[in-house]
Every structure is written in C-alpha cells, then in structure tokens.
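Observations on the model geometry
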Amino acid sequence: MCPPAPAIVTEGLTKRYSGVSAIADLDLTVPRGSVFGFLGPNGAGKTSTIRILTTLTNPTSGTARVAGESVADRAAVVEHIGFLPEEPPLYDELTGREQLEYVAGLRGHEYWGRVESLLDRFDLDEDADRRVETYSKGMKQKLGLVQALLHDPDVLFLDEPTSGLDPRAARTVRDTISEVAAADTTVFLSTHILPVVEELADTVGVLYDGDLVAEGSPDELTDSVESGSTLEDVFLDVTSEHPGER
Amino acid sequence: MRRPSGRRTRLIARTELRRTWRKLKGTTRGALIFLGGGLGISIYSLAIGAGAFFFGGALADSDPHTVRLATTAGIVGLLGLVGFFTLQHTVKSAGEPDAADGLLTTVPYEDAAAGLLAAEAGRVSLALAIPIVALVGGLAAGDAGVLVALVALVGSVAVALLGTVLGFGLGLVTKLVANRSAFVASHRASVGAAVSLILPLGWVAMTAVPTVQLRVLQLATQSPLSWPADVVLLVLGTGGNSVAAVVATAGIFGALPVGAVACLWLAGRAWYADPVQPDHEFDADERTLSDRLLAGRVPTATRVVAQKSWLRAKRAPVTVQFAVMPFFFLVYHLQIVILERVVPPTLPLSAGLASAAAFGAAFSLNPLGGEEGVLPLTLTANVSGRAFVTGLVLAGALPGVVVTTLLVVGLGVAAGTPPITLAAGLTIALVATLAAPAIAVGTGVVFPKFESSSVQGREVVVPSGWAFGLYFLVLGVAVAPASLAYLLAVRDIFAIPFDTLWLLSGGLVATVAIAGAGAVAGFLYAANRVATYRLD
C-alpha cells in the first residue's frame, strides 16, 4: 500500500523582495498528521514561507503543494487549511460570536454547530457577546484559533499561537494542537517558544537566512549537537555565524 | 488636582509641536496641507492687512454702533473659528496623548493635559501669527493709529487663546460623553450620521444665509460678547462704557486660567473613564431583518459579507464616514430651500444621485484595504471573489435603494415634479444606486489603500483619493446623459425639438448602457482581483 501523500511539500521554493532573498531554494516535506515545528530567528523567512503556503503570497520560483494542491490554486488550497497569523484577523466591531458566525458563513453554515463547543472549550462562552475590541490579547488569540479550527482543516498553520496567553490558555492551545494532530490534522507551528516545540513537534525545521539549516525530530537534533543538549542549544548552534563553535 | 509642572508642560508641548512639524514635513499629505494652508492663510492675511490699512481709519471714525458691530463680528468670528477647529482637532487627536499608557505612567496627568493644551495653543498661535501681524500692521500703518493696532493685537491674541481653551474643553467633554454615554454607545450610527452629515450640512447651509448671519450678530451685540467693543470705543474716544470695558477685559483674561484648569479637570475624567461597551444579547433562533431579506435568496457567504459590513458601519460609523461627502454637494440646493422656501426642481435627482454615490462608496470603494487586518482571513476563508464582492455590492445597494427612493419621491412631491418626470428621475437615481457599488469595487481594486489614517482618534483605512476620483468620474459619465435630459425637462434652458418623454427615455437608455457596462466591468474585475490577490 502506498504511504499517504505528505501534507506539505516544497521544492526549490524561493522568495525575493526587491532583490533581497527571504527564502532560498527551500525543500521541505511535512508528513500528514504530524506537528512540524518551524523555527528561526527574526527575519529568517518563516512568515514568508507561511504566507506562500497559505496562498497569501506568490513564490518567486519553486513549487509548493499543501494537502496535495498547488499553492498557485488558492481556491483548492484554502478548502483544506486553517490559519492563525501572529496578529489574529478579527473585526474589532463584531462580537466574538458574530465573528465566528461570519467565518462559519463564509465557509458554509454546517460548521455553526462547532462554534458553541469550541467557545466553551476555550473558555470564551462568557465573553462571546462582547465586542472583540474589548478582548485581551490572549482572548483574541484564542478566538483566532477557534476560527482557524472551525471547519476542521486538514492542515493548520499557526504563527506564534501561544504568544500572549496565560498559562492555562497556553495549556489549552497545546492540548488542542496535540488533539488535532492525533485526529490526522497536520500542524505547521511557527514559534519562538522552544519548549512548546520540544513538547509538541514530531519534526523540527530551523530556517536561517532563508535556508533550512536543520531538520529532524527533536531527539535527532539534540543528539546531533552533544548529549544532554536542548533544542535551544541546537537553535543557537545552527543559527550562529560559525556552527559548532558556540 | 495638582498644579502642573511648568518644566514638564513645556517639554510635552515642545515635543508635540515638533511631532506636528515633522508630520507636516515628512509626509506628502502633510506637505500638501502645509502648502495649501500656508497659501490660504497668506491670501487671507493680505486681504486682512489691506482691509485694515485702507478701511481701519474709516472704521475708527464711524459711529459707535458700527464700531461695536465690527468689533463684535471680529470677536465672534475668531472665537467661533478657533473654537470649532480646536474642538474638532481635540476630538480627533489632540485631546489624548498618543502613547497614553507610557506618558500617563511617567508624569501626572495634569502635566500631560497642560502640555497638550499648550501645544494646541502653540499650533493656533502659529496658524494665526501672519493674519494677526497683517491686521496689526495694516491698522498701525493706516489711519487707525498705533493705539488701535495695539488693542487689536492684545485682543485678537487673547480671543484666539480663549477660543483654544474653549474648543479644547468642549472637545474633552465630547470625548467623555462619547466614552461614557450608554445612549451614544448604543446609537453610534445615528449619532455618527448626525455629527458627520446633518450638523455640518445644516451649519454650512445656515451660515451662508445673510439674514441668519445678521441675526446671530445682532444677538451677539446685545450680549456680553460685545463688551470688548467698549474698550475700542474708549481708546477711540467716541464713547464706550468703562464698566463694560473693565468687565470684558477681566472676563477674557480671567477666563483663560479658569478654562485651563477646567480642561485639566476634564482631561482627568475623560482619560480615566471606563468606556461603555454595550453587550449584544445573542439569540440563536433570532432572525434579523437582513436575515429575513437575504436568507435563502443569496448564497450564505454573500449574505454574511453584507451583514458584516452593515454591523461594522453601525457600530463604528467612523469607518464609512468618508462616504457622506456627496451629500455636501447639496448645500447650494439647501440654501435655496432655506432662502426661497421652495424645493428646486433639480433637487430630487441631485439628492438621489448623492445618495447613490454615497452608498456606492460606503462599503465598496476599498474592498481589499477595507478588510484591514482581517484580509488574510478573507483571502483564505474559501469564499469566492464573486461571492465576496457581491456581498459588498449588496451592502451598499440595498439600503441605497431605500434611501434613494425616499429622497427622490419625497423631494419630488415637495417640488411639485410632474409624475413622468419624477418617475424618470427615480429611475435614473435607482440605476445609479445599483451601478455605483459595482463601479466602486472596480475602482477600489485598481487603487487599493492599506495605510490607515486617524479619523476622530481612531485608526481607519479610508479609500484612496485616486479611487474616489476614478469612481466619481465613471459614475458621473454614466449618469450624465440621463441627468442632462432630466435637467432639460425640468428647466427651460432652451427649446428642444422633441417630446420630453423621448428626451428622458433617450437619456435613460444611454445612462443604463454606460452604467451597466461600467458596473459589469467593475464587478468582474474586482471579483477576479480579490480571488487572485496576493499580499506581495
């Protein structure tokens, strides 16, 4: 029997802005149902990669497929993905519930039934009838995650999902990521919080200056530096000017 | 409340003025405002200087009543002008520190408020410096004399500062009411419409009427506002009440510190007040009017886009405030209504077209930029470009049809328009109302705008000026044939060699053809652009 097709595949993916390279010749394969931790210092090209994979930006060259669909075909890709950018895309003027009703309406009303359970799960049910502009950063983050999960996507892109969350909410998000991954959803997780990646990711990729400088399971990566090292040690090593000399 | 620190007040005021200067210098918009404002002020200053030079002496020799009238007009005009602009600026931006959390945890709020008030006074002083110099110079160099010029200098500076304090205080009161009033919070759309459309339109129409101006001036001359004229009369030696002069002088100079203290007190209330946010009761089974109108008739995605647009506009009218602009073209008609007490025959169609242009622009003129930070969601939410754009068009067209019909029919009946002409006018306006949002989405994607501007203290992405220009041009070309035919039908400009019905029909056919072509082209282009748009 053939193994299932990977959730994300990129080949020679390159993105340049005014001649400056943001991503250079990126080859990446993310298996279906896995959690892929995407690491890299600020400006490494993580956001550009996510924007290409979510069809928000065109690559300069190279190809990428998400859930088997080419990123050039937005209509095909967006059926399969959920996306939570670093700044949750919410209308300040709507209430939390109206925001979710809006997204459910855009995607097809059969998802309306999931709204209540997700609001309850993320402790947002009490505040669902308040305007988004009155929400704290953490509440906005949770609401953004709920709307990304509403249609039970095949691939979930999360950019700093635990940023600004209190410990309980952060735990809820981590548990949710584990659950959706167990239910065969692929999670593409970009974050600076390395313990989150260490806890959740099946595979980790480290992007540095647009290049994928390390890839493997957290154990493989930590073993590659020296025994007893952490993911932070790996990150610092592969993103320094002279790897191995840190 | 504590006494503000002079050092910190000066520091804050200096920093604010420096920021204002850099905003004017560093952006194209700022440079245009600076150049345009500078040119306008220079022209007015020349006129003021010349007027003071040539007529100052004649005024000084006039009878006491004329001197009182002229002085009072100057005081009311200056006080009203400075007060109005300061109020507006305070509500919009100057009434609150930009980085409030940082500043208010660094210095006492009294220092911050005093600094902002001083900065506002500095801006007003800089803007009025040239006109005041021109006035004083003209008076001194002309026949009025140095003493009158000196009184004019001290008086105009004092009145300008009083206007600043008054406007700043009223601006803070406005902010406080807007934040704390449950009524305002629940009726933002109605209040927004009144503030942005009815009040300014009414004000412009009323103040243009000489009888109204004269009545205001007569009332002012019978009030304490005319007492400073006694100072001028005493200086001229042509009469004047010395008690009134002393009270006026003490009143103006006493009101300045009292007003400033009131401003500090108000700032403390306005800045630390918890804003009222009405909760929205949710009933899963409740069907709104728009649900009943649209559910089952249009695709769900289209319906929710239209409903989202209406909800945003209702709760934050400032996001669509720009769209009321076409109604300001009706000022001339309104003046005729007030002065002559008749409804001009062209007003029904003009009002209908203004309504069409306004509703067309409100939700559709910036389809991409108007989504603000939610654009990534919109583009990845599995909604087709056509469904999304149809939702925006529907958001403008549906209420537009209702308002346009009410305006055209109501004003047409009031104007005594013949039924056939009225029917033609209504048809033209409705064609424009239906075509306008589709034309707007097309021009909006040709010239999208993503940068926000501060409108009434809130960052809002308003459509680009180029999109506005192109939209008005296309809509104007589309409605021109039918509007011209309507004009010829209601006004005897020149004899036309065929029947009115044929004239109106011909104009209407041409307008339907042009508006239809523009609407289809705009809609299809916008739908395709939204579907394929990338955030590069």
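**Observations regarding the overall build of chain B**
For chain B, the count of helices and strands is 20 helices and two strands. C-alpha atoms of chain B, sized along the principal axes, occupy 75 × 65 × 40 Å. Per-residue burial for chain B yields a buried fraction of 42% across its 536 residues. Partitioning the intrachain contacts of chain B with sequence separation of at least 6 by distance along the chain shows that 82% fall at a separation of at least 24.

**Here we look at the domain arrangement of chain B**
Its domain assignment divides chain B into domain 1 (6-272) and domain 2 (289-532). Using only C-alpha atoms to locate each centre, domain 1 of chain B and domain 2 of chain B end up separated by 38 Å.

**Focus on unusual backbone geometry**
Note: most peptide bonds trans; most residues except glycine with negative phi. Residues and elements named next belong to chain A. Phi at Asp 25 is positive, roughly 55 degrees, even though this residue is not glycine. Examined against the element boundaries, Asp 25 turns out to sit in strand 2 (residues 20-30). Overall, the presence of 15 C-beta atoms within 10 Å leaves Asp 25 in the partly exposed class. In the Ramachandran plot, Asp 123 falls in the positive-phi region, its phi being about 55 degrees despite a non-glycine side chain. One can find Asp 123 in the loop between helix 4 (112-121) and helix 5 (137-149).

**Things to note about the sheet that holds strand 8 (residues 186-190) of chain A**
Residue and element names in this part refer to chain A. Spatially, 6-7-8-3-9-10 is the arrangement adopted by the six strands of the open sheet, whose pairing is mixed. In this open sheet, the two strands that pair with only one neighbour each are strand 6 (81-84) and strand 10 (211-216). In this sheet, neighbouring strand axes are inclined to one another by 15 degrees on average, regardless of whether the strands run parallel or antiparallel. As judged from the four bridges shared by strand 6 and strand 7 (residues 155-159), these two strands associate in the parallel manner. Among the inter-strand pairings, Leu 84 is bridged to a residue of strand 7, identified as Leu 158. Against the sheet, helix 1 (residues 46-53) engages strand 3 (35-39), strand 7, strand 8 and strand 9 (203-208), with an angle of about 150 degrees to strand 7. With respect to the sheet, helix 5 is in contact with strand 6 and strand 7, its orientation differing from that of strand 6 by roughly 170 degrees.

Criteria and thresholds
Throughout, residues of each chain are indexed from 1 in the direction in which the sequence is written. Each chain is given a letter, starting from A, and each ligand a number, starting from 1, according to the order in which they appear as written. Confidence filtering applies because this is a predicted model: local features only for residues at pLDDT of at least 70, side-chain atom pairs given and counted only at 80 or more, and all residues used for totals across whole chains, interfaces and linings. Here a helix means four or more residues in a row that DSSP labels H or I, a strand means two or more in a row labelled E, and each is numbered from the N terminus. Exposure in this text rests on C-beta crowding, where 20 or more other C-beta atoms within 10 Å of a residue's own make it buried, 12 or fewer make it exposed, and counts in between make it partly exposed. The C-beta atoms are placed from the backbone. Throughout, a residue-residue contact means that the two C-beta atoms, derived from backbone geometry, are no farther apart than 7 Å. Here the limits of each domain have been adopted from an automatic or database domain assignment. Here, strands pair whenever DSSP counts at least two bridges between them. Interaxial angles span 0 to 180 degrees and are taken between N-to-C directions of axes, which are lines fitted to C-alpha atoms, for helices over the stretch in contact.

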